[in-house]
Amino acid sequence: MSAVDVDGGRKRARVEGGALLGAFDVATQAHLLATPAGVVSHTGLAGLVLGGGIGWLSRMYGLSIDNLLSAQVVTADGRTVVADAETNADLFWALRGGGGNFGVVTEFEFGLHRVGPLRFLTAYHSLDDGHEILRAWTRHMAEAPDELTWVCYLRLCPAVPEMPQHMRGKPAICIAACWVGDLHEGERQLSSVLSYGEPFAITKINLSYKALQAYSFPSPALPSRAYFKNGYFDELSDSAVDAILERAGQLSSPMSQLELIYLGGAVSRVPADATAFCHREAPIVANIAAAWTDPADDARQIAWARESHAALKAEFTSGGYVNFLSDDEPDRTADVYDATTRRRLQEVKRRWDPENLFHLNQNITP
């Protein structure tokens, strides 16, 4: 169930629930169209979208759920229904951010946007530049146009030819930025991103959106084990930056990272109660992503993620992003949604899945 059907004239796409982002991007980009949908080609589209869907185009065009027009759903009692803004509107509201709690979505319909070549940048900074870079990042993005997305990844430097020998395997800040729109203006905007600190291992390139989606995870090896913690910041205080840099200094897996995403833009202009993704006012998402391959390393990597979350917890605002949760907590959604949103989700759950058939997920109980 992975078919993608694109109507280029109407800027619409119908996508079956088993599709991966890569297939969706290839089909839509054949018409120079796209919609925000994650950042990694091998991600499953359905799970990503039902949790919200943050991507390179989100500051420009919103979350994946903000571009969802309708969903075909198989319900707990075996019916097939359509949910959109007018039909089964309560279900449609809950599907947009409430995860896989309400039924099996077998088909999505999205609105699309014209997206041509992008200007893209990556560069690395020593952790010694950390305070300057993270401070400059928050100031810059608070005033940035929607066309600019700038993400900070705190990770170990890879052993690649363009990386200075003395930095390979060392913790660093990788900045990644893209510009959606005129490429000449994109060059000017990305050059301003490079004006802070002393960046090294710089790559700037024009590329298609589908190529950017594949570029975001260039490693030929995928981690077989992973553990996630996350939270939102209204702003980065000095103590938050101190904690982030201290935890980055403890990284031991080349696949792990502490990811800082600045949203705002179109995401923040959707009313908080319009969808079940309710934390639109906090612009910064922190994803503490431990990833590794050796089971013998489980305890160390999980401890790094948990200790990193504990170090930042006092700085986080309430809530979290449901797609960045691991499954070791008994009630993982209790802190993700605000009380009003959670209560409304539970009411929808009671109406559509009263026996909690769909519980192998970030579960919302009836």
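See above for the structure.
Residues numbered from 1 in each chain as written. Predicted model: local features only at pLDDT ≥ 70, side-chain atom pairs only at ≥ 80, totals over all residues. Heavy atoms only, no water.

Draft legend 1. Broad picture of the pattern of salt bridges. In this structure the tally under the stated criterion is 16 salt bridges. For Arg 14, the salt bridge is made with Glu 109, and the minimal N-O distance between the two is 3.3 Å. One end of the pair, Arg 14, is in strand 2 (residues 12–16); the other, Glu 109, is in strand 6 (residues 104–111), and 95 residues separate them in sequence. Here Arg 14 falls in the partly exposed class, since its relative accessible area comes to 34%. Residue classification places Glu 109 among the buried residues on the basis of a relative accessible area of 13%. Between Asp 238 and Arg 135 there is a salt bridge whose closest N-O contact spans 2.4 Å. Of this pair, Asp 238 sits in helix 8 (residues 238–248) while Arg 135 is found in helix 5 (residues 130–143), placing the two residues 103 residues apart along the sequence. Owing to a relative accessible area of 24%, Arg 135 belongs among the partly exposed residues under this scheme. A single salt-bridge network, built from bridges that share partners, covers Arg 14, Glu 107 and Glu 109. (Salt bridge = Lys/Arg side-chain N within 4 Å of Asp/Glu carboxyl O. Helix = DSSP H or I, 4+ residues; strand = E, 2+ residues; numbered from the N terminus. Buried < 20%, exposed > 50% of the residue type's maximum accessible area, 1.4 Å probe, protein only.)

Draft legend 2. Examining helix 1 (residues 21–29) more closely. Every buried residue of helix 1 is listed here: Leu 21, Gly 22, Phe 24, Asp 25, Thr 28 and Gln 29. The buried residues of helix 1 occupy an angular sector of 160 degrees when projected down its axis, which confines them to one face. Where helix 1 is buried, its residues meet strand 1 (4–7), strand 2, strand 3 (33–34), helix 2 (45–51), strand 6 and helix 7 (209–215). (Arc of directions from axis to C-beta. Contact = heavy atoms within 4.5 Å.)

Draft legend 3. Focus on the packing of aromatic side chains. Applying the stated criterion across every chain, the model contains nine aromatic pairs. Between Trp 56 and Phe 120, the ring centres sit 5.5 Å apart and the planes meet at 85 degrees, which makes this aromatic pair edge-to-face. In this pair, Trp 56 sits in the loop between helix 2 and helix 3 (58–61) while Phe 120 sits in strand 8 (residues 118–126), placing the two residues 64 residues apart along the sequence. Residues Trp 56 and Phe 120 agree in their burial class; the two are buried. Relative to Tyr 321, the ring of Phe 277 lies with its centre 5.8 Å away and its plane at 65 degrees, an arrangement referred to as edge-to-face. With Phe 277 in the loop between strand 13 (257–262) and strand 14 (284–292) and Tyr 321 in the loop between helix 9 (298–312) and helix 10 (339–352), the pair connects residues that are 44 residues apart, well separated along the chain. With a relative accessible area of 5%, Phe 277 lands in the buried category. Taken together through their ring pairs, the aromatic side chains of Phe 24, Phe 108 and Phe 110 make up a single cluster. Over the aromatic face of Tyr 153 sits the side chain of Arg 155, whose NZ or CZ is 4.6 Å from the ring centroid. Directly above the ring of Trp 93 sits Arg 344, whose terminal nitrogen or CZ lies 3.8 Å from the centroid. (Phe/Tyr/Trp six-rings, centres within 6.5 Å; stacked < 30°, edge-to-face > 60°. Lys NZ or Arg CZ within 6 Å of the ring centre and 35° of its normal.)

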